[in-house]
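# Residue-level structure breakdown
Spelled out from the first residue to the last, the chains are:
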Amino acid sequence: MFRIKNNLLNITNILRRQQVEIQALKICQYPRTQYKVQVREPCPPKPPPPPPKPKDDTAFWGALTVICITGAFAVIAKRSPEIRDWLIIYAPWFDDFIAIAYEENMTYGEFARKCVEDVKNFVYTTIKDDNKPQPCSMDQSQKPVIPITPQPEVEDKKGESVDPDKPICVDKPEPIVVTKTTCEIVDRLKDLGNEALSNYYTASTACSLYNQIVAETMQNFSIPTLKELRNHMIERLNLVTESIQKAEQATADIEDLTRYLECGLKGTKEEVENTMTLMKDYLQQIKTSCILYQWENDKSIVLDDQWQKVEHLIDKYAGENETMFPEIKYEQNKLQFQGDLDLLLYHTNRYTQQLIVELKEAVVGMTDRVSRAFETLPQGDNERKNRESMMQSVLKQKRTELDNEFKKRQNDQKLANDKLLKDSLKKQLERHQEIMDAKLKEKEEEATSRLNKLVSEKVAFEKKMFAKQLSEMAEKLKDVEDKLNVRLKAESETKRSQDLWIAGSSLLAATKKGEPYVNVNKELNAIEKAAGAGDQLVTTVLKAVPESIRENGLVPESVLKAKYHQMEKIALKVALIEQDGAPLPVYFLSWLQSTLLFMKISGIPQEEVDKMPEEPFKDLDTFDLLQRARFWMERGNLAAAIRYVNSLEGASKAAAASWYDAARSHLETRQAAEAVIAHAAAIGVQYI
Amino acid sequence: MPKPDNRDFDERYTACFVDFGLKIATGLLIGSMLGGFFLRGYRRWPMFIGGGLGFGMAYSNCENSLNNYLLAMDPKSCVIKKQP
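This structure is a prediction, so every number in the text was calculated from the model and none was measured.

### Some words on the overall build of chain A
Scanning chain A from N- to C-terminus turns up 20 helices and zero strands. The burial tally for chain A puts 24% of its 688 residues in the buried class. Look at the contacts in chain A between residues 6 or more apart in sequence, and 68% of them connect residues 24 or more apart. Entry remark: accessible area of chain A is about 53,800 Å², with carbon and sulfur atoms responsible for 59%.

Here is the structure:
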């Protein structure tokens, strides 16, 4: 170890020559030994563990960078269609991503739902079995429908409908098993029996009705009804043949039924006997109805014959007449005849004569037959007397009947005639009545119209008179009203002029007050109110009052004067400064100038006092302008002062700006007030 | 937003003088205080730094206020020409 003293290290000491003392000392810490000692150096301390690797964030930041770049690219692609198209061709997945992100085709919710459904479908198709029934879809074909085969139709009804009319097989041998019961037989019997009876009944009624029709036609004879009879006859014949056929068929069926009874039947003996009696009953009834029918039928046939004869004759007669006289038409009811009436009468007479002859012959023949019949009868006296009396009684009866018939017909005809007469009279009466009513109505209308005319004339006249009076009154009233209006107007205008004058002078007084800012809103409102609605001058004048007066208030004259001196000082101090400003040293120079330059106190050139020059003050600089302004201010001529101040330039103008605005507003307001006063005076003078 | 400066030109002019004096004095004061705090013994140069700072601030304030007033007085209105 060497210890070197401090002063040795000092540079001055090293450079200086001087005696140096060196003291050295060697110290051995360990005692010296003879043996060679292996001195092992102490183990070096363990190296400190390496510091933990700093957290590596590159993954995170790298991922974030990639995401940002992708997002930026997506945004750019969204804005630019060309990039979008390129993407669609080369990277459609990115285009889809953009579409999803910007909700182009569907909202996020819908997209989420679509994804979920896709996943579900995928799961279904791959994991689940194929055998399970698939959910119904419209595409699948219908499962084959097993057709229900219709049950074989019930062919045979229970035995009842088996037609017992079929001949129980003639070919088969007789002993057959009869499975019918009595009830069934009875029912069938009843049906058949009723059918037969009804058919016979129909036939007989048809015949009887026909007979009736014929009789009626003969009673009320006319040619058309005769022709109709033919139709009736044909009808009757058809119906009769039909019914008879059916009835005979039914009878035959009933007789077939007897075979059952003979063959043997299911049932007790009583029932069988009942059935047999019933059957016999029916057969009896059928016979009686058949007989009835026969009777009617015979009558009908006879009547047929008769009326056909009549028809034949009539046709002949009518035909001859029609050929002879073509105007006659027998179908019509009225005779339209222009020809020779005598010939017709003669012809008719001939026919009647012939028919009378034939009738006589027929009567004679009939009497003959009757007398022959009489002769066949027993000839004893009693019988003859009885016969005579019977015949007389019958004859009388017939005569009375005929008489009654005749009377009845006569009465009927009379009644019919009366009725016809009454009807026609009534019709005529009605027609007369109608005509009368129409005429009456017409007359009534005429009378009413005349009356209305008279009335309206009178009314119009009265109205005219009244209207004339009314118009006269109205004129008078109008005159009075006009005069009143004029007077009213005069009074209101005088009042208005007074109000205006007062308001104007109050405003003027306000300009002469003492506060720094005078609120003149009240005065201005008073002027507005006093002017009323339509005074254009006042409204224009009020518009001329600047807004700053209303907001901030008016600066009165005295204050303006005081402020002017302040403003002047500052304006002089910044005389050298330009309008846009200057660096500060220029301000300092300008201030220096103002302190060193004296202002002429006394006045301005005489010419200017006499005649104020017009606007351009080009030759005057700031100091001159301000001097002149001050002169006029002291004289009280605010307008002139303002004009001079307006011509300032540069920063002085800016410095004077606020004073200038205030002074100008003041001046405007004062002028407005004076105008209002003058206007009020003019109005007042008008109406004195 | 800081309050807009609504002073009149006169006010700004007089405030300028006041401002100068005030800021220089304060600058000197603060400078000397800081110098005394951080340095051993009495040194004068921090005081001058402070005074200079104060002067500079006052200078820039004054200039800006006066010039701003002047510029605000007559703003050259920006006329945007209608693009065809």
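What follows picks up the thread again.
### Some points on the overall build of chain B
Within chain B, the secondary structure is distributed over two helices and zero strands. Element-wise, carbon and sulfur atoms account for 67% of the exposed surface of chain B, whose accessible area totals about 6,500 Å².

### Regarding helix H18 (residues 622-635) of chain A
At 3.6 residues per turn, the α-helix brings residues three or four places apart onto the same side. Residues and elements named next belong to chain A. The end-to-end C-alpha distance of H18, which contains 14 residues, comes to 20 Å, matching closely the 20 Å that a straight helix rising 1.5 Å per residue would cover. Counting buried residues along H18, 11 of its 14 residues qualify, which places the element largely inside the surrounding structure. Among all positions of H18, only Thr622, Phe623, Leu625, Leu626, Gln627, Arg628, Ala629, Arg630, Phe631, Trp632 and Met633 are buried. Phi turns positive one or two residues past the end of H18, at Gly636, with a value near 95°.

### Some thoughts on helix H13 (residues 536-544) of chain A
Residues and elements named next belong to chain A. Looking only at H13, the buried set comprises Val538, Val541 and Leu542. Along the axis of H13, the buried residues cluster in a sector spanning 100°; they form a single face. Opposite its buried face, H13 presents the exposed residues Gln536, Thr540 and Lys543, each directed more than 90 degrees away.

### Here we look at the packing of aromatic side chains
Within this structure, the stated rule accounts for 17 aromatic pairs over all chains. Aromatic pair A:Phe631 and A:Trp632: ring centres 5.2 Å apart, planes at 75°, arrangement edge-to-face. A:Trp632 sits in the buried class, given a relative accessible area of 9%. Both rings, one in B:Phe20 and one in B:Phe55, keep their centres 5.4 Å apart while their planes meet at 45°; by these two values the pair is tilted.

### Let's talk about the UniProt feature "transmembrane region" (unreviewed entry) in chain B
Using the residue numbers shown here, the UniProt feature "transmembrane region" (unreviewed entry) corresponds to residues 20-39 of chain B. Secondary structure across residues 20-39 of chain B comprises 95% helix and 0% strand; the distance between its end C-alpha atoms is 28 Å.

### So, the interface of chain A and chain B
In this complex, chain A contributes 20 residues to the contact, which on the side of chain B involves 17 residues. For the pairing of chain A and chain B, the buried interface totals around 1,500 Å² over both sides, and the portion due to carbon and sulfur atoms is 63%. Where chain A touches chain B, the interface holds zero salt bridges. Linking chain A with chain B are three residue pairs in polar contact (both at pLDDT 80 or more), by the criterion used here. With five residues, the single largest contributor to the side of chain A that touches chain B is helix H20 (residues 650-686) of chain A. By residue class, the composition of the side of chain A that touches chain B is 14 nonpolar, three polar and three charged.

### Observations concerning the nonpolar core
Residue and element names in this part refer to chain A. One finds Tyr564, Met567, Leu638, Val645 and Trp659 to be the most contacted residues of the largest nonpolar core, which totals 28 residues. For this core, the secondary-structure elements that each account for two or more residues are helix H15 (557-573), H18, helix H19 (638-646) and H20. If one sorts the elements of this core by residue count, H18 sits on top with seven residues. Formed by 23 residues, the second largest nonpolar core is a distinct cluster that contains Ile527, Val538, Ala680 and Ile683.

### Overview of the side chain of B:Ser65
All names here are of chain B. Mapped onto the elements, Ser65 comes out in helix H2 (residues 45-73). Of the residues examined, Ser65 reaches a relative accessible area of 12% and is grouped as buried. Ser65 has contacts with Arg7 and Arg12, leaving out every residue within four places of it along the chain.

### Overview of the packing of helix H9 (residues 269-324) of chain A against helix H10 (residues 341-376) of chain A
Residues and elements named next belong to chain A. For the pair H9 and H10, interaxial distance at closest approach is 11 Å and the crossing angle is 160°. Classified by the interaxial angle, the pair formed by H9 and H10 is roughly antiparallel. Of the two elements, H9 crosses H10, and the hand of that crossing is right-handed. Only Leu344, His347, Thr348, Tyr351 and Leu355 of H10 make contact with H9, whose side of the interface consists of Leu313, Lys316, Tyr317, Glu320, Asn321 and Met324.

### Some remarks on a negative patch on the surface
Together, A:Glu472, A:Glu475, A:Asp479, A:Glu481 and A:Asp482 line one region of the surface with negative charge. Mapped onto the secondary structure, A:Glu475 falls in helix H11 (residues 381-511).

### Description of the pattern of salt bridges
Residues and elements named next belong to chain A. Inspection of every chain in the model, using the stated rule, returns 15 salt bridges over all chains. A salt bridge links Lys78 to Glu104, with the shortest nitrogen-to-oxygen separation between them at 2.8 Å. Of the two residues, Lys78 is situated in helix H3 (residues 58-79) and Glu104 in the loop between helix H5 (92-101) and helix H6 (108-127); the sequence distance between them amounts to 26 residues. Here Glu104 falls in the partly exposed class, since its relative accessible area comes to 32%. Its salt-bridge partner being Lys246, residue Glu242 comes within 3.9 Å of it at the nearest N-O pair. You can see Glu242 and its partner Lys246 sitting in helix H8 (residues 223-263), four residues apart, about one turn around the helix. What makes Glu242 partly exposed here is its relative accessible area of 43%.

### Thoughts on the side chain of A:Ser665
Residue and element names in this part refer to chain A. If you trace the backbone, Ser665 turns up in helix H20. Of note is the side chain of Ser665, whose polar atom sits 2.7 Å from the backbone oxygen of Asp661. Beyond its immediate chain neighbours, meaning those up to four positions away, Ser665 contacts Pro546, Ser548, Ile549 and Leu554.

### Observations regarding unusual backbone geometry
Even without glycine at this site, A:Glu103 takes up a positive phi of about 55°. Its location among the elements puts A:Glu103 in the loop between H5 and H6.

### Focus: the packing of helix H1 (residues 9-38) of chain B against H2(B)
All names here are of chain B. At a closest axis distance of 6 Å, the pairing of H1 and H2 adopts a crossing angle of 160°. Taken together, H1 and H2 sit at an angle that is classed as roughly antiparallel. The hand of the H1/H2 crossing is right-handed. Among the residues forming the contact of H1 with H2, the class breakdown is 16 nonpolar, nine polar and three charged.

### With respect to a nonpolar patch on the surface
Among the surface-exposed residues, B:Leu29, B:Ile30, B:Met33, B:Leu34, B:Phe37 and B:Phe38 lie close enough to one another that they form a single nonpolar patch of about 700 Å² accessible area. Mapped onto the secondary structure, B:Ile30 falls in helix H1.

### A word on the confidence of the model for chain A
Any region with low pLDDT has predicted coordinates that should not be read closely. On average, residues of chain A carry a pLDDT of 82, and 85% of them reach 70 or more. Overall, residues 149-170 of chain A carries pLDDT values under 50, and its contacts beyond four positions in sequence, including any with other chains, amount to 10 contacts.

### As for the environment of A:Gly193
Residues and elements named next belong to chain A. Within the secondary structure, Gly193 sits in helix H7 (residues 182-219). Using a relative accessible area of 0% as the deciding quantity, one classes Gly193 as buried. Separated by 61 residues in sequence, Gly193 and Ile254 place their C-alpha atoms 7.3 Å apart. Apart from the residues within four sequence positions on either side, Gly193 is in contact with Ile254 and Tyr282.

### With respect to the confidence of the model for chain B
When the pLDDT values of chain B are averaged, the result is 86; 90% of them are 70 or greater. Model confidence for the complex: the whole-complex pTM is 0.40, and ipTM, which rates the interface, is 0.85.

### Examining the environment of A:Leu667
Residue and element names in this part refer to chain A. Its place among the elements puts Leu667 in helix H20. The class for Leu667 is buried, based on a relative accessible area of 12%. Residues within four places of Leu667 in sequence aside, it is in contact with Leu638, Ala639 and Ile642.

Each value, and the rule that gives it
- Residues numbered from 1 in each chain as written.
- Chains lettered and ligands numbered in written order.
- Predicted model: local features only at pLDDT ≥ 70, side-chain atom pairs only at ≥ 80, totals over all residues.
- Heavy atoms only, no water.
- Helix = DSSP H or I, 4+ residues; strand = E, 2+ residues; numbered from the N terminus.
- Buried < 20%, exposed > 50% of the residue type's maximum accessible area, 1.4 Å probe, protein only.
- Contact = heavy atoms within 4.5 Å.
- Areas by Shrake-Rupley, 256 points an atom, 1.4 Å probe, with all protein chains shown as cover.
- Expected span 1.5 Å × (residues − 1).
- Arc of directions from axis to C-beta.
- Phe/Tyr/Trp six-rings, centres within 6.5 Å; stacked < 30°, edge-to-face > 60°.
- UniProt positions renumbered as here; feature names shortened; annotations may be inferred.
- Buried area = accessible area lost by both parts, 1.4 Å probe.
- Salt bridge = Lys/Arg side-chain N within 4 Å of Asp/Glu carboxyl O.
- Polar contact = N/O pair within 3.5 Å; in protein donor to acceptor, adjacent residues only side chain to side chain.
- Nonpolar A, V, L, I, M, F, W, Y, C, P; charged D, E, K, R; others polar.
- Core = buried A, V, L, I, M, F, W, Y, C linked by side-chain atoms within 4.5 Å.
- Axes fitted to C-alpha atoms, helices over the stretch in contact; angles between N-to-C directions.
- Parallel < 35°, antiparallel > 145°, perpendicular 65-115°, else oblique.
- Left-handed = near helix turned anticlockwise from the far one by under 90°.
- Patch = residues over 30% accessible without salt bridge, like charges linked within 9 Å, V, L, I, M, F, W, Y side chains within 5 Å.
- Lys, Arg positive; Asp, Glu negative; His and termini not counted.
- Charge placed at Lys NZ, Arg CZ, Asp CG, Glu CD.
- pLDDT = per-residue confidence, 0-100.

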